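Report on the structure
The chain contents come next:
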Amino acid sequence: MDTQQSQLASEQLPASRPSATERKRVLLLMTPATYRGGAFVSAARRLDLEVVIGLDTPPGLVAAWPPEVLTLDFKAPEEAVQRIRAFARQRPLQAVLSVDDSAVELAALASEALGLPCNSPAAAEAARDKYVMRQRMAAGGVPCPVFRYFPLTADPAAVADAVSYPCVLKPLRLSGSRGVIRADTPVEFVTAFRRLRRILLAEGFEEESSGFLVEDFIPGFEVALEGLLTGGHLQVLALFDKPDPLDGPFFEETIYVTPSRLPPAVQEAIRSCVERAAASIGLREGPVHAELRVNEHGPWMLEIAGRSIGGLCSTVLEFGAGMCLEELILRHALGLALPSLERRPEAAGVMMIPIPQAGILKGVQGLEEARQVPLITGVEITAPLNNPLVPLPEGASYLGFIFARGQSPAAVEEALRAAHRCLRFDIRRELPVLNAALRPTTPPTVAEQAR
Ligand code: ADP
Ligand code: CA
């Protein structure tokens, strides 16, 4: 999304009174960096809605974009709610939605202030703080790993002696598996603790007031559930298998394929587990994205959020007669008819292209070849050239996405792997000095020193 200067500002919005026949108006909260804004705006246009963008950017620096823009500071939610209320007094809003996880809490606060149906702000907060989430889930009897909170100031050796193994160290408020590290022994734990502390400090968390979770490592197969809550009832929109083993020490996501190949009874157990998890944190309306592990003891909740699937992944989902996920979410929020929640019958999948090594991305070869692979519907490189690529657990981005559709989940999975094999990434092995804070501290190998 383009963020060049333009003269648009909320202050210039016409202050007309709404008429009874006025189109429904929706406020879409987003940051300039979002992947999802375009899809939501197109879906809103298809529904003939009037769209206002609530953009996290200083006034005066707004997108040169057709929909009108209300500039908001997501880090000052009270003030942002006041601005939204002032706007809505002039031009009533029928829904306030966050297009991704950047403004889930603000959307809840603003909806509450405007009297729109929504999740309680407390539910949104629980969905964004893993410690709060775990406490509520445990209280609600939802199967989830044993967890403990430790302050960042704790003595690593003492904590290493107090936990059981294998375990997972986990930040409370990061996403995309950043900072999530498995430890099998006390020695590994101490190293992981130090690494996580560096990541959190580099992210601006304060040592004195921050902490992290240590959870039992739950072995098993991982799935992601995309669903829609209506009055607390969960309808599954798509259940994705994650066929690559995610055993750590870091947990880089790669392939998502739907429909799931798990037996129907297991799928129903997953749905019901997510429904209980949503209830336990007070989520009752709108999209949910949940991640679970499944083993011989059944499903285990990893996390749940009151938002839809991130990045470009939603583009693989189509419902009924070609309706996209964003349209479905908008229809639900506005109380419009939901024609069909049946996903199209064919299989679909996406690969979040893993980062093979740290360095500067200089080029990508084999794109055309990858796009020619049967069943592949798209290959998008989203990482900008000449910028540093930082792998997990420090990094926060993907190289890009590969999309596929086909008759069976197995065929889709194989197509994604085949397309990925066509790609060659030219990555120069060095990080700029500025990023030193995030550089892993493993000592350079002899070969690296010789360079
Ligand atoms: P994030 O919000 O960063 O995605 P998650 O809690 O979803 O954090 O953890 C990221 C990944 O780490 C999960 O998808 C899973 O693969 C792995 N993971 C997290 N917690 C556990 C656990 N207790 N046992 C096993 N794997 C886990
Ligand atoms: Ca996750």
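Criteria and thresholds
Residues numbered from 1 in each chain as written. Chains lettered and ligands numbered in written order. Predicted model: local features only at pLDDT ≥ 70, side-chain atom pairs only at ≥ 80, totals over all residues. Heavy atoms only, no water. Helix = DSSP H or I, 4+ residues; strand = E, 2+ residues; numbered from the N terminus. Expected span 1.5 Å × (residues − 1). Contact = heavy atoms within 4.5 Å. Salt bridge = Lys/Arg side-chain N within 4 Å of Asp/Glu carboxyl O. Buried < 20%, exposed > 50% of the residue type's maximum accessible area, 1.4 Å probe, protein only. Pairing = 2+ DSSP bridges. Axes fitted to C-alpha atoms, helices over the stretch in contact; angles between N-to-C directions.

1. Describing helix α7 (residues 186-202)
- The end-to-end C-alpha distance of α7 is 24 Å, a good match for the 24 Å that 17 residues give at a rise of 1.5 Å each.
- Next to the buried residues of α7 lie β5 (147-151), α6 (156-162), β6 (167-171), β7 (181-183) and β8 (211-216).
- After α7 finishes, the residue Gly204 shows a positive phi value of roughly 95°.

2. Here's the deal with the pattern of salt bridges
- This structure, assessed with the given rule, holds 28 salt bridges.
- Measuring nitrogen to oxygen at the nearest pair gives 3.1 Å for the salt bridge that ties Glu215 to Lys170. Of this pair, Glu215 sits in strand β8 while Lys170 sits in strand β6, and the two are 45 residues apart along the sequence.
- For Lys170, a relative accessible area of 9% puts it in the buried group.
- With a closest N to O distance of 3.0 Å, Glu368 and Arg371 form a salt bridge. In this pair, Glu368 and Arg371 both sit in helix α10 (residues 367-372), 3 residues apart, roughly one turn of the helix.
- Counted as one network, the salt bridges with shared partners bring together Glu222, Lys242, Glu253, Glu291 and Arg293.

3. So, the sheet that holds β8
- Strand order in the open sheet made by the 4 strands is β5-β8-β6-β7, with antiparallel pairing throughout. Of all strands in the sheet, those with a lone pairing partner are β5 and β7, marking the two edges. Going across the sheet, the axis of each strand differs from the next one's by a mean of 30°, ignoring polarity.
- Two elements, β6 and β7, share 3 bridges in a ladder whose sense is antiparallel. If you follow Cys167 over to β7, its bridge partner there is Ala183.
- Of the strands in this sheet, β5, β6 and β8 touch helix α5 (residues 130-139), which is tilted by about 150° from β5.

Taken by themselves, the reported measurements are silent on function.
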